[in-house]
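Residues per chain are reported as follows:
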Amino acid sequence: MTQTQFTPRVFSGIQPSGNLHLGNYLGALKRFVDMQEEDFETVYCIVDLHAITVWQDPEQLRQKTREVCAGFIASGLDPAKSILFNQSQVPEHAQLAWIFNCVARIGWMQRMTQFKDKAGKNAENASLGLFAYPSLMASDILVYHATHVPVGEDQKQHLELTRDIAAKFNHDYGVDFFPITEPVIGGAAPRVMSLRDGSKKMSSSDASDMSRINLNDDADAIAKKIRKAKTDPEALPSEAAGLEDRPEARNLVRIYSALSGLDVDGVLAEVGGKQFGAFKPMLADLAVEKLSPITTEMDRLLADPAEIDRIMSDGAKRAREITAPILRRTYEIVGMVGA
Ligand code: TYM
């Protein structure tokens, strides 16, 4: 079979289930902006259908959806260059997900570590949506024939599953219809860790707000969280190898590296030998310098929610120009009768 040439297209999404935090920013959002400036069509989605796999208060969900959209734009995504919208306004995501529910195997889903983590000990009581979630994620990507997906490291397994679903669909139906998508995981901070525990990732679901820097934290909150961040008593090393068994120190240096654009060696050339008492204020200043313009712009955008809704609705219309023909063709391949 000849290989189909797919248009280079980026898709990625963020859940509106909590505050946007530094992990989302460095692992995903900042890189969405970089890819917008490269030779790709870029499609970025606020995945509200994903969020309700665990309980969301409806009013909060509406608010958070607009907040994430404001965060996208404040970070540098341009609604004229990238397609920005919320998932539920493009029904083809859920429609293709149903087909994929019939392609993916239960055993594949049972291996998903994120399901095991999120469902916890009481997996019997988790929603069916939480279990099927990776199949919706595969649909988000493949309903655009997306070729590249920028994400943080925690999404790697879901992207491998997306490739498995595409390959099984193509194989079962004897077609070369869905691309085998490339995960784009990298940058200086593909896995930002909690400020309270260097072995846990920074997450909006952590009970402690001190564990993360939110994009809507003010300068005082950012400085306080960094000042109180867990560290060890040693001075910073002068070379990257010296961070190996020091997860908290490594995390703070990587955050500094990602925010400054210097690589880790470059950062350590500057700060090696310093105590945390001297390094933390440098990090806090840098974080405030990079993040406060985003916070200010988010606030400004959120003062006009009707404009945010207009941007998402416009993005959804443009998204459907891509998704509707791909879904129609999928239905034909599968054997659904329709005009
Ligand atoms: P979500 O909403 O949990 O996170 C959004 C993005 O932020 C990244 N991220 C991190 N990166 C580095 N360090 C961290 N501590 C950190 N925490 C979060 C995530 O890797 C992600 O890139 N299932 C996805 C949303 C989704 C999606 C998709 C992504 C749904 N459909 C299709 C890509 C393509 C999720 O829950 O991300």
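Residues numbered from 1 in each chain as written. Predicted model: local features only at pLDDT ≥ 70, side-chain atom pairs only at ≥ 80, totals over all residues. Heavy atoms only, no water.

(A) Structural detail: the pattern of salt bridges. Applying the stated criterion across every chain, the model contains 20 salt bridges. Across the salt bridge formed by Arg 66 and Asp 309, the nearest N and O atoms sit 2.8 Å from each other. Of the two residues, Arg 66 is situated in helix 3 (residues 58-75) and Asp 309 in helix 13 (residues 305-334); the sequence distance between them amounts to 243 residues. Classification of Asp 309 by relative accessible area gives partly exposed; the value is 28%. Its salt-bridge partner being Asp 232, residue Arg 246 comes within 2.8 Å of it at the nearest N-O pair. Here Arg 246, found in the loop between helix 9 (219-227) and helix 10 (247-260), pairs with Asp 232, found in the loop between helix 9 and helix 10; they are 14 residues apart in sequence, far enough to count as distant. One salt-bridge network, in which partners are shared between bridges, spans Asp 209, Arg 212, Asp 217 and Lys 225. (Salt bridge = Lys/Arg side-chain N within 4 Å of Asp/Glu carboxyl O. Helix = DSSP H or I, 4+ residues; strand = E, 2+ residues; numbered from the N terminus. Buried < 20%, exposed > 50% of the residue type's maximum accessible area, 1.4 Å probe, protein only.)

(B) Broad picture of the site of the ligand. Every one of the 26 residues lining the ligand counts as a neighbour, but Gln 15, Tyr 133, Asp 140, Asp 154 and Val 192 are closest to it. The contact in question runs from an oxygen atom of the ligand to an N or O atom on the backbone of Gly 152, over 2.8 Å. Asp 154 is positioned such that a nitrogen or oxygen atom in its side chain is 2.4 Å from an oxygen atom of the ligand. Out of a free accessible area of 700 Å², the ligand has 95% covered by protein chains. Where the shell around the ligand is concerned, the elements lending two or more residues are strand 1 (9-14), helix 1 (22-36) and helix 7 (128-142). (Near = heavy atom within 4 Å. Polar contact = N/O pair within 3.5 Å; in protein donor to acceptor, adjacent residues only side chain to side chain. Areas by Shrake-Rupley, 256 points an atom, 1.4 Å probe, with all protein chains shown as cover.)

(C) A look at the packing of aromatic side chains. Tallying each qualifying case throughout the model produces 12 aromatic pairs. Residues Phe 100 and Phe 178 carry aromatic rings whose centres are separated by 5.4 Å and whose planes lie at 75 degrees to one another, so their mutual orientation is edge-to-face. On the criterion of sequence distance, the pair formed by Phe 100 in helix 4 (residues 92-101) and Phe 178 in the loop between helix 8 (156-173) and strand 5 (182-184) is long-range, its members being 78 residues apart. With respect to class, Phe 100 is no different from Phe 178; both count as buried. Measuring from ring centre to ring centre gives 4.9 Å for Phe 169 and Phe 178, while their planes differ by 75 degrees; the resulting arrangement is edge-to-face. (Phe/Tyr/Trp six-rings, centres within 6.5 Å; stacked < 30°, edge-to-face > 60°.)

(D) How the structure looks around the packing of helix 9 against helix 12 (residues 276-302). Closest axis-to-axis distance for the helix 9/helix 12 pair is 9 Å, and the angle between their directions is 150 degrees. Between helix 9 and helix 12 lies a crossing of right-handed hand. Residues Ala 219, Ile 222, Ala 223, Ile 226 and Arg 227 of helix 9 form the contact with helix 12, whose participating residues are Lys 280, Leu 283, Ala 284, Ala 287, Val 288 and Leu 291. Looking at the contact of helix 9 with helix 12 residue by residue, the class counts come to 9 nonpolar, no polar and 2 charged. (Axes fitted to C-alpha atoms, helices over the stretch in contact; angles between N-to-C directions. Left-handed = near helix turned anticlockwise from the far one by under 90°. Contact = heavy atoms within 4.5 Å. Nonpolar A, V, L, I, M, F, W, Y, C, P; charged D, E, K, R; others polar.)

(E) Highlighting the side chain of Ser 211. As for its placement among the helices and strands, Ser 211 is situated in the loop between strand 5 and helix 9. A distance of 2.7 Å separates the side chain of Ser 211 from the backbone oxygen of Ser 208, its partner in a polar contact. Residues in contact with Ser 211, not counting those within four places in the same chain, are Ser 194, Leu 195, Arg 196, Met 202 and Asp 206.

(F) Quick look at the nonpolar core. Grouped together as the largest cluster of nonpolar side chains are 56 residues, with contacts concentrated most on Leu 22, Leu 26, Phe 72, Ile 255 and Phe 279. The biggest single contributor to this core is helix 12, with 10 residues. Shared between two domains, this core takes at least three residues from each, and those domains are domain 1 (9-184 + 304-334) and domain 2 (209-300). Contact partners of Ile 255, with chain neighbours within four places excluded, come to Leu 22, Leu 26, Val 192, Leu 195 and Leu 283. Ile 83, Ala 104, Leu 130 and Tyr 144 belong to the second largest nonpolar core, which has 43 residues in total. (Core = buried A, V, L, I, M, F, W, Y, C linked by side-chain atoms within 4.5 Å. Domains from an automatic or database assignment.)

(G) View of the packing of helix 10 against helix 11 (residues 264-271). It is the contact of helix 10 with helix 11, at a shortest axis distance of 9 Å, that shows an interaxial angle of 110 degrees. Taken as axis vectors, helix 10 and helix 11 run roughly perpendicular relative to one another. On helix 11, the residues that touch Val 253, Arg 254, Tyr 256, Ser 257 and Ser 260 of helix 10 are Val 264, Val 267, Leu 268 and Glu 270. Grouping the constituent residues of the contact of helix 10 with helix 11 by class yields 5 nonpolar, 2 polar and 2 charged. (Parallel < 35°, antiparallel > 145°, perpendicular 65-115°, else oblique.)

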